[in-house]
Number of protein chains: 2
Amino acid sequence: VSESPSAALLSVGDEILLGQIADTNAAHIADQLWRRGWPVRQQRAVGDRLEDITAAVAELARGHRVLVLTGGLGPTADDLTRQALAAVAGVELVEDETALAQVRARFAAMGRPMSERNRVQGRMPAGAAVIENPVGTAPGIDLELDACRVFALPGVPGEMRRLLRDHVLPAVGPGPLGEVAVKELHLWGLGESAVGERLGDLMARGRQPEVGTRAQEGLITVRILAWSESREAAAALAAADEAVVRQRLADFLVAADGISLPQAVVDLLRREGLSLALAESCTGGLVGRRLTEVPGASEVLREGFIVYSNEAKRRRLAIPAELLEAHGAVSEPVARALAANVRRVAEADCGIGITGIAGPGGGTAEKPVGLVHVAVASPAGTVHRECRFALDREGNRVRAAMTALGLLWRLVRYGPERALP
Amino acid sequence: VSESPSAALLSVGDEILLGQIADTNAAHIADQLWRRGWPVRQQRAVGDRLEDITAAVAELARGHRVLVLTGGLGPTADDLTRQALAAVAGVELVEDETALAQVRARFAAMGRPMSERNRVQGRMPAGAAVIENPVGTAPGIDLELDACRVFALPGVPGEMRRLLRDHVLPAVGPGPLGEVAVKELHLWGLGESAVGERLGDLMARGRQPEVGTRAQEGLITVRILAWSESREAAAALAAADEAVVRQRLADFLVAADGISLPQAVVDLLRREGLSLALAESCTGGLVGRRLTEVPGASEVLREGFIVYSNEAKRRRLAIPAELLEAHGAVSEPVARALAANVRRVAEADCGIGITGIAGPGGGTAEKPVGLVHVAVASPAGTVHRECRFALDREGNRVRAAMTALGLLWRLVRYGPERALP
């Protein structure tokens with residue numbers, strides 16, 4: 001298929017073919033392989049049919065140097081990856097003592113009896129190596145099909161990520177692109193087309209480094225991908241572009257690389273010695289959930305209140321009944337009061353207050369679905385933004401949470417006058 | 001590849017191959033095709049390389065009766081789907097007046113001048129039909145490659161969905177499976193292999209309806225797929241299996257079809273007239289976030305406390321300092337006190353208390369990462385479960401949240417004696 005050595009991915013499972021789940025495993029594996037210099041040229045998904053899995057494995061193994069499969073390693077009759085690999089390799093499936101011992105050990109660790117059915121997870125194509133799975137019952141499989149190194153991993157995302165990191169990536173080593181440097185810069189407060197205009201020439205096709213943008217949850221990520229023979233040369237290429245991007249978009253840059261906006265907020269608050277408290281109505285815990293994804297968030301997050309009802313707003317955060325009656329719960333004064341009062345009640349330096357109509361119901365002509373009032377307060381002052389999102393319930397809530405975090409970041413970084421982008 | 005007529009999907013775009021986005025378009029198209037009786041046997045993704053797109057189109061068109069492409073129809077140099085289709089068909093790309101008129105009309109509707117660059121979007125493989133795009137600038141393409149009907153749609157999800165619904169699905173008509181019925185049953189409290197054992201014969205390969213299982217976030221979903229000439233006959237086939245599955249797994253069935261566990265909890269509490277309050281430590285708002293994804297959650301969710309710190313546990317929920325000192329924050333007594341006290345403080349009927357060590361840091365030999373104590377309280381009593389998850393921080397937190405919701409569901413449904421599965 002392609003002229004230089006490359007990698008391919010194969011996801012196995014009716015749930016993907018039936019459209020019941022989006023294949024997020026493939027995205028993660030592709031990202032990790034590219035970062036190690038392995039160009040991923042093809043992704044495929046097939047259902048739980050032995051002939052389809054076998055045909056796909058045979059074809060992809062012919063055209064690529066590395067093939068990573070996910071799924072089909074469970075204990076049930078529709079888990080057929082083991083059989084397919086054995087068929088392509090032209091060997092028998094045999095009970096593998098190492099694999100079976102691992103399955104047994106996992107059940108022992110969970111304090112559950114191993115069912116006779118799970119015995120099948122200890123079967124391996126003859127000659128294949130077992131990939132130990134310390135976090136689940138399905139061992140992975142590592143085997144060679146002519147010039148292709150094939151890895152079969154469980155489809156459960158947490159297990160897949162673990163075996164990929166600990167076994168697959170070390171096993172394949174650096175890829176044909178040589179050393180790859182990837183730099184990502186995350187922007188908040190500017191749209192994707194405006195970012196594209198400012199980047200201009202950097203985004204030309206065929207240019208190295210490759211510079212691209214993507215929009216997600218209200219943030220724009222600029223991605224710089226450079227490759228060269230040495231790590232230093234690749235890093236230098238990426239760093240040169242990074243400097244230009246930073247200069248052109250300095251005001252909107254909130255984080256870089258693996259750092260998310262929540263983590264950037266936690267880092268900034270920690271650096272400034274500021275604590276935070278949350279008052280969430282329509283987001284219902286989403287801001288707390290995102291902040292506490294960051295290990296160490298406890299250093300800055302004092303506490304959070306999910307004040308979904310008016311009663312909770314009154315009782316926990318002393319929002320006056322008159323304010324709620326005069327303006328409605330979804331209003332600028334209530335958002336500001338939530339942010340100000342949660343600071344006081346929790347004795348925190350900063351406060352976030354969010355109130356809105358996430359949908360699908362509850363909208364009126366005056367206050368439509370998607371209307372969200374976000375307020376953030378710090379010792380330096382309070383800022384507010386009225387948002388009118390046009391997404392579904394989930395999208396509106398995520399955008400509201402990210403708006404609160406973006407605004408708080410700017411408030412702490414630039415002060416109240418320059419907080420609104 | 002397969003013996004009966006089938007459909008295949010091809011997604012085109014570097015952003016997928018680079019792992020920057022998960023391919024959600026494919027899931028939507030697959031779901032829609034299956035529901036009309038078209039079995040989707042393969043999904044592929046390739047990058048913006050003419051040779052890769054051409055090879056994939058040629059191969060998939062040989063093996064399938066329907067092929068739906070997405071992506072690569074934009075105006076830039078890396079949009080190569082038009083060229084690839086012309087190459088496989090062995091025809092020229094020609095400027096198509098209908099297509100060009102549509103591109104012009106879209107720009108006029110947006111009140112923006114059409115750039116010379118967008119002219120390329122009016123080019124079509126000679127002989128192909130234009131698919132009108134009323135919501136974007138890229139017209140779709142409809143052409144036949146021998147026995148395969150090929151549709152190329154824009155990659156923007158909102159545009160793709162529109163053209164799929166208005167053009168592709170009517171054009172392909174009912175598929176070879178005839179009418180299809182899909183039924184999903186969601187179980188909590190039983191492992192996937194135990195579910196497989198109880199289903200036994202139902203999961204035999206080649207049987208109709210097809211019965212399969214998948215594990216996600218601690219729940220097991222049983223999926224029944226039936227097909228027949230009439231909608232009624234397909235539904236009857238699925239219903240017969242559903243009755244057997246329900247009978248064999250009655251104790252563990254929490255929800256069906258599009259209903260999630262959080263929604264099942266909200267529905268059950270609403271039906272029983274019970275309210276709920278949350279005390280979340282290590283999950284940091286995740287339970288609240290999941291419950292408030294359900295429209296109407298406000299009817300049962302009184303409020304939530306994100307009590308990440310010991311101070312917040314003491315101040316908000318009156319957890320005695322002595323209890324925290326004697327047992328540590330991550331302990332059964334503290335989890336039970338959180339659940340019991342949040343009920344009282346919030347004047348709610350039910351309470352959830354979660355405390356644990358999500359990781360990656362903070363673990364000890366005695367209390368390792370992944371240890372989570374979950375307690376749920378109702379007017380009938382309180383139950384507790386000690387969990388030892390072995391996933392990453394995110395995985396441990398999600399499993400802890402789902403355990404709390406599963407336990408609460410069982411506590412309300414079966415009472416304290418039978419709540420623990």
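Look up a bit, the structure's there.
Residues numbered from 1 in each chain as written. Chains lettered and ligands numbered in written order. Predicted model: local features only at pLDDT ≥ 70, side-chain atom pairs only at ≥ 80, totals over all residues. Heavy atoms only, no water.

1. Here's the deal with the sheet that holds strand S14 (residues 301–306) of chain B
In step 1: Here 10 strands make up an open sheet; going across it, the order is S17(A)-S16(A)-S15(A)-S13(A)-S14(A)-S14(B)-S13(B)-S15(B)-S16(B)-S17(B) and the pairing mixed. This sheet does not close on itself; its edge strands, each paired only once, are strand S17 (381–388) of chain A together with strand S17 (381–388) of chain B. Averaged over all pairs of adjacent strands, the angle between their axes in this sheet comes to 10°, without regard to strand direction.
In step 2: Summarising the sheet, strand S15 (residues 350–356) of chain A and strand S16 (residues 371–378) of chain A pair through 6 bridges and their orientation is antiparallel. Paired with Thr 355 of chain A across the strands is His 373 of chain A, a residue of S16 of chain A. (Pairing = 2+ DSSP bridges. Helix = DSSP H or I, 4+ residues; strand = E, 2+ residues; numbered from the N terminus. Axes fitted to C-alpha atoms, helices over the stretch in contact; angles between N-to-C directions.)

2. Quick notes on the interface of chain B and chain A
In step 1: Each side of the interface is counted separately: chain B has 84 residues, and chain A has 81 residues.
In step 2: At the boundary of chain B with chain A, total buried surface from both sides reaches about 6,700 Å², with 47% on carbon and sulfur atoms.
In step 3: When residues of chain B are sorted by the area they lose upon contact with chain A, Leu 18, Arg 205 and Arg 289 of chain B head the list and together hold 10% of the total.
In step 4: The interface formed by chain B and chain A contains 11 salt bridges.
In step 5: Arg 302 of chain B serves as the salt-bridge partner of Glu 311 of chain A, at 3.6 Å between the closest nitrogen and oxygen.
In step 6: Applying the counting rule to chain B against chain A returns 36 residue pairs in polar contact (both at pLDDT 80 or more).
In step 7: Per-element tally for the side of chain B that touches chain A: the top contributor is strand S2 (residues 40–46) of chain B, with 7 residues. (Contact = heavy atoms within 4.5 Å. Buried area = accessible area lost by both parts, 1.4 Å probe. Salt bridge = Lys/Arg side-chain N within 4 Å of Asp/Glu carboxyl O. Polar contact = N/O pair within 3.5 Å; in protein donor to acceptor, adjacent residues only side chain to side chain.)

3. Regarding the packing of helix H9 (residues 261–272) of chain B against helix H14 (residues 393–414) of chain B
Residues and elements named next belong to chain B.
In step 1: Where H9 contacts H14, the axes come no closer than 10 Å and their chain directions differ by 30°. On the basis of the axis angle, H9 is roughly parallel to H14. In this structure, the crossing between H9 and H14 has a hand that is left-handed. Contacts between H9 and H14 involve Leu 261, Pro 262, Ala 264, Val 265, Leu 268, Leu 269 and Glu 272 from the former and Met 402, Leu 405, Gly 406, Leu 408, Trp 409, Val 412 and Arg 413 from the latter.
In step 2: For the contact of H9 with H14, the residue count by class is 11 nonpolar, 1 polar and 2 charged. (Parallel < 35°, antiparallel > 145°, perpendicular 65-115°, else oblique. Left-handed = near helix turned anticlockwise from the far one by under 90°. Nonpolar A, V, L, I, M, F, W, Y, C, P; charged D, E, K, R; others polar.)

4. Some remarks on the packing of aromatic side chains
Residues and elements named next belong to chain A.
In step 1: This model, assessed by the stated rule, comprises 3 aromatic pairs over all chains.
In step 2: When the ring of Trp 409 is compared with that of Tyr 414, the centres are 6.0 Å apart and the planes differ by 85°; the resulting orientation is edge-to-face.
In step 3: Assessed through its relative accessible area of 7%, Trp 409 is described here as buried. (Phe/Tyr/Trp six-rings, centres within 6.5 Å; stacked < 30°, edge-to-face > 60°. Buried < 20%, exposed > 50% of the residue type's maximum accessible area, 1.4 Å probe, protein only.)

5. Side note on unusual backbone geometry
Residue and element names in this part refer to chain B.
In step 1: For the bond from Gln 208 to Pro 209, the omega torsion is 0°, close enough to zero to count as cis.
In step 2: Within the element layout of this structure, Pro 209 appears in the loop between helix H7 (192–199) and strand S10 (210–216).
In step 3: Of note, the bond from Gly 359 into Pro 360 is cis; its omega dihedral lies within 30 degrees of zero at 0°.
In step 4: Structurally, Pro 360 can be placed in the loop between strand S15 (350–356) and strand S16 (371–378).
In step 5: Of note in the backbone geometry, Glu 217 takes a positive phi value of approximately 55° without being a glycine.
In step 6: Relative to the helices and strands, Glu 217 is located in the loop between S10 and strand S11 (219–228).
In step 7: A relative accessible area of 32% means that Glu 217 is categorised as partly exposed.
In step 8: Of note, the phi angle at Ala 318 is positive, near 55°, even though the residue is not glycine.
In step 9: Looking at the element boundaries, Ala 318 is found in the loop between helix H11 (310–317) and helix H12 (321–327).

6. Overview of the sheet that holds strand S9 (residues 179–188) of chain A
Strand pairing in a sheet relies on backbone hydrogen bonds. The paired strands run either parallel or antiparallel.
Residues and elements named next belong to chain A.
In step 1: One open sheet holds the 4 strands; their spatial order is S10-S11-S9-S12, and the pairing between them is antiparallel. Each edge of the sheet is formed by a strand with only one pairing partner; in this case those strands are strand S10 (210–216) and strand S12 (253–256). On average, each strand axis in the sheet is tilted by 25° relative to the strand beside it, whichever way the strands run.
In step 2: Examined bridge by bridge, S10 and strand S11 (residues 219–228) share 7 bridges and lie antiparallel to one another. Counted as the bridge partner of Arg 214 is Thr 221 from S11.
In step 3: Sitting on the sheet, helix H2 (residues 24–35) touches S9 and S11, and the angle it makes with S9 is about 125°.

7. Comments concerning the environment of Thr 355 of chain B
Residue and element names in this part refer to chain B.
In step 1: Position of Thr 355 relative to the elements: it lies in strand S15.
In step 2: The class for Thr 355 is buried, based on a relative accessible area of 1%.
In step 3: Once residues within four sequence positions are removed from consideration, Thr 355 is found in contact with Ser 281, Cys 282, Lys 313, Ala 329, Val 330, Ser 331, Val 334, Ala 335, Leu 338, Val 372 and His 373.

8. Focus on H2 of chain A
Three or four residues apart is the spacing at which side chains of an α-helix point the same way, because the helix has 3.6 residues per turn.
All names here are of chain A.
In step 1: Along its 12 residues, H2 runs 17 Å from first to last C-alpha, staying within 8% of the 16 Å computed at 1.5 Å per residue.
In step 2: The element H2 is largely enclosed, with a buried count of 9 among its 12 residues.
In step 3: The N-cap residue of H2 is Asp 23: its side-chain oxygen and the backbone nitrogen of Asn 25 are 3.5 Å apart.
In step 4: One or two residues past the end of H2 sits Gly 37, with phi positive at roughly 85°. (Expected span 1.5 Å × (residues − 1).)

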